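# Residue-level structural notes
So the chains spell out like this:
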Amino acid sequence: MQGIGSRPRVHVSADGVGVVGHTGARLLADLADVTGLTAAYSAALRPLRPRGTGHDPGGVATDIAVMLADGGEAIADLAVLRDQGEVFGPVASVPTAWRLLAAVDERVLDRLRSARAQAREVAWLQASETRSGIPAVTAGGREVPGLVLDIDATLITCHSEKEAAAPTYKGGFGFHPLLCFLANTGEGMSGRLRPGNAGANTAADHITVLDDALAQIPDAHRHGTDILVRTDSAGSAKAFLAHLRDLRGRGLDLRFSVGYAVTEPVRRAIRALPEHLWHPALDQDGTLRTGAEVAELTGAVDLAGYPAGTRIIVRRERPHPGAQLSLFDQDEGQRHQVFLTDTPFTSGSAQFLEVRHRGHATVEDHIRCGKTTGFGRFPSRHFTINTAWLELSLAAVDLLAWTRVLLLHGELATAEPKKLRYRILRVAARITRGGRRLHLRISATWPWRHELAAAFHRLAALPRPAS
């Protein structure tokens, strides 16, 4: 009888040659070159290389971003690229990478952001020439026109010896960064590293992160394109919404959809609302959502101080097991969620606007994935180094997003980083040489070999930016 679970006996040694791991990471490195990110980083960091010797700081920054996109968690993980020089070329040592991060001050950080914006413009042009452009966000079974920016904060646990780490409102200790993602593609548009005790609803921080995100959008899209800004209730500060309205006055077609606290005036308005004014809520595919209803509270709640045209909409739903309920929800037997928007009545019903706002929850997925792409842990005791690390983490998020948009099809075009790393980025290959060319030969039995090979072919066919 054959033994159950028997495997061939193997003998292990550490003397293999002509093989390389993490083949797909080369795809990311080449994409950084093709979009102009590496060149833009080199120009931004040129003052850090006064004698023109040693490693190019722009190349070092790109290598860190590639390492983070590949799932690296510490600067020491650069060894994965450095020790495979035949494929990745000369990669800086760990001390060199540390020195680069330590040299990044606020002025250099601004140049890094500008460099990333330049590369984004190229990537979006490539998407419009080779694909159908930037994909649209969908809600309620229909497309949301233009771009959608999602702003949210998260907590990062770290030890007390790190500079600016502080107690958090949830009883932990660490940082409380505020981030902005583009819902259309998952790109990390902007982020600000903040102490753990930073306020969740600080209008000044929301304004800064939004302005940084808008600066990342290419001019051709920033002007003349609908831009929706979504936040939870932390973004309902009057000063933040007034800033959005001021930006509209400067020619940006900005609208907002922000959460709102269920205050006592809101509770009174909900109780006074006639039953016939409640309408069935929608699911994301446009079908009716079982047990959920939507109503408009505009005019029933005093919104003095908010921008003219602000609407207030409420959804009530039978609570699912484990849902966090307020005393009001417990009394009513329904879970209530309220949001504000300045989208006019002619541009969407309350049902559509509610399901559109509910799509803000996807930012939690982007943050979760981002935490595995660099900003889940910070390497240094120094706040400035960790700030630079966050910026390069956002560049890593961008590289993964551009890979999905420009190079992948089918299921992989919407895959999260974990799946991309398992199937594409960390694939092993054999190195051969012939005809004065270097060949990477992916295993003929790897299930996703054709997808990876096709991605390299699409990368080679991308139009290059003018030098």
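Refer to the preceding data block for the structure.
Everything in this summary refers to the structure shown in the same document. (Residues numbered from 1 in each chain as written. Predicted model: local features only at pLDDT ≥ 70, side-chain atom pairs only at ≥ 80, totals over all residues. Heavy atoms only, no water.)

Residue His 22 is not a glycine yet carries a positive backbone phi of 55°. Checked against the element boundaries, His 22 lands in the loop between strand S1 (19-20) and helix H1 (23-34). If you check the backbone angles, Ala 164 has positive phi at about 75° while not being a glycine. Of note, Ala 164 is situated in the loop between strand S5 (156-157) and strand S6 (166-167). We classify Ala 164 as partly exposed; its relative accessible area is 28%. (Helix = DSSP H or I, 4+ residues; strand = E, 2+ residues; numbered from the N terminus. Buried < 20%, exposed > 50% of the residue type's maximum accessible area, 1.4 Å probe, protein only.)

As a further point, take helix H11 (residues 264-272). An α-helix turns once per 3.6 residues; consequently, residues spaced three or four apart project the same way. Among the residues making up H11, those that are buried are Val 266, Ala 269 and Ile 270. Buried residues in H11, looked at end-on, bunch into an arc of 100°, giving them a common side. (Arc of directions from axis to C-beta.)

Moving on to the pattern of salt bridges. What the rule picks out here adds up to 35 salt bridges. Here Asp 205 makes a salt bridge to Arg 194, at a shortest N to O gap of 2.8 Å. Linking Asp 205 in helix H8 (residues 203-216) with Arg 194 in the loop between strand S9 (188-192) and H8, this pair joins segments that are 11 residues apart in sequence. Given a relative accessible area of 4%, Arg 194 falls into the buried group. In the salt-bridge network here, residues are joined through shared partners; they are Glu 106, Asp 110, Arg 113, Arg 116, Arg 120, Glu 187, Arg 192, Asp 212, Glu 391 and Asp 398. (Salt bridge = Lys/Arg side-chain N within 4 Å of Asp/Glu carboxyl O.)

Examined bridge by bridge, strand S16 (residues 429-434) and strand S17 (residues 437-442) share 6 bridges and lie antiparallel to one another. By the bridge assignment, Thr 432 is partnered in S17 with His 439. Between S16 and S17, which follow one another and run antiparallel, lie 2 residues, and Gly 435 among them has a positive phi close to 60°. (Pairing = 2+ DSSP bridges.)

The next point concerns the nonpolar core. Membership of the largest hydrophobic core comes to 122 residues, with the highest contact counts inside it found for Ile 64 and Leu 149. Here the element with the most residues in this core is helix H15 (residues 383-407); it accounts for 16 residues. If we skip the residues at most four places from it in the chain, Ile 64 touches Leu 78, Ala 97, Leu 101, Trp 389 and Leu 392. In this structure, Val 148, Ala 281, Phe 339 and Leu 353 belong to the second largest nonpolar core, which totals 16 residues. (Core = buried A, V, L, I, M, F, W, Y, C linked by side-chain atoms within 4.5 Å. Contact = heavy atoms within 4.5 Å.)

Going through the model one piece at a time under the given rule, you end up with 5 aromatic pairs. Note on Phe 175 and Phe 378: the rings are 5.5 Å apart at their centroids and 80° apart in plane angle, and the pair reads as edge-to-face. Here Phe 378 lies in the loop between helix H14 (362-375) and H15 and Phe 175 lies in strand S7 (residues 173-175), a separation of 203 residues in the sequence. Side by side, Phe 175 and Phe 378 carry an identical accessibility label, which is buried. When the ring centre of Trp 278 is taken as reference, the NZ or CZ atom of Arg 316 above it lies at 4.1 Å. (Phe/Tyr/Trp six-rings, centres within 6.5 Å; stacked < 30°, edge-to-face > 60°. Lys NZ or Arg CZ within 6 Å of the ring centre and 35° of its normal.)

Attention shifts here to the layout of surface pockets. Computed from the structure, the second largest pocket encloses a volume of approximately 850 Å³. Every residue lining the second largest pocket is counted, 36 residues in all, and those nearest its centre are Ala 183, Asn 184, Thr 185, Gly 186 and His 366. Secondary structure elements with two or more residues in the lining of the second largest pocket: strand S2 (137-139), helix H13 (350-358), H14 and H15. Sorting elements by how many residues they give to the lining of the second largest pocket places H14 first, with 6 residues. (1 Å grid on protein atoms, 1.4 Å probe; cavity = no way out; pocket = protein on both sides within 12 Å on 5 of 7 lines; lining within 4 Å. Points joined across faces, edges and corners; volume = space filled by probe spheres on them.)

This next bit is on the sheet that holds S1. Think of a sheet as strands paired side by side through backbone hydrogen bonds, with each pair either parallel or antiparallel. Strand order in the open sheet formed by 3 strands is S1-S16-S17, with antiparallel pairing between adjacent strands. Whereas interior strands pair on both sides, the edge strands pair on one side only; in this sheet they are S1 and S17.

Before going further, it helps to spend a moment on the sheet that holds strand S12 (residues 279-282). The strand order across the open sheet formed by 9 strands is S9-S8-S4-S10-S11-S15-S14-S13-S12, and the pairing between neighbours is mixed. Of all the strands in the sheet, the pair left with one neighbour each is S9 and S12. For this sheet the average axis-to-axis angle between neighbouring strands, irrespective of direction, equals 25°. Both strand S8 (residues 178-182) and S9 contribute to a ladder of 4 bridges, which runs antiparallel. Bridged to Leu 178 within S9 is Arg 192. Against the sheet, helix H7 (residues 106-130) makes contact with strand S4 (147-153), S8 and S9, and its axis sits at roughly 165° relative to S9, the strand it touches most. (Axes fitted to C-alpha atoms, helices over the stretch in contact; angles between N-to-C directions.)

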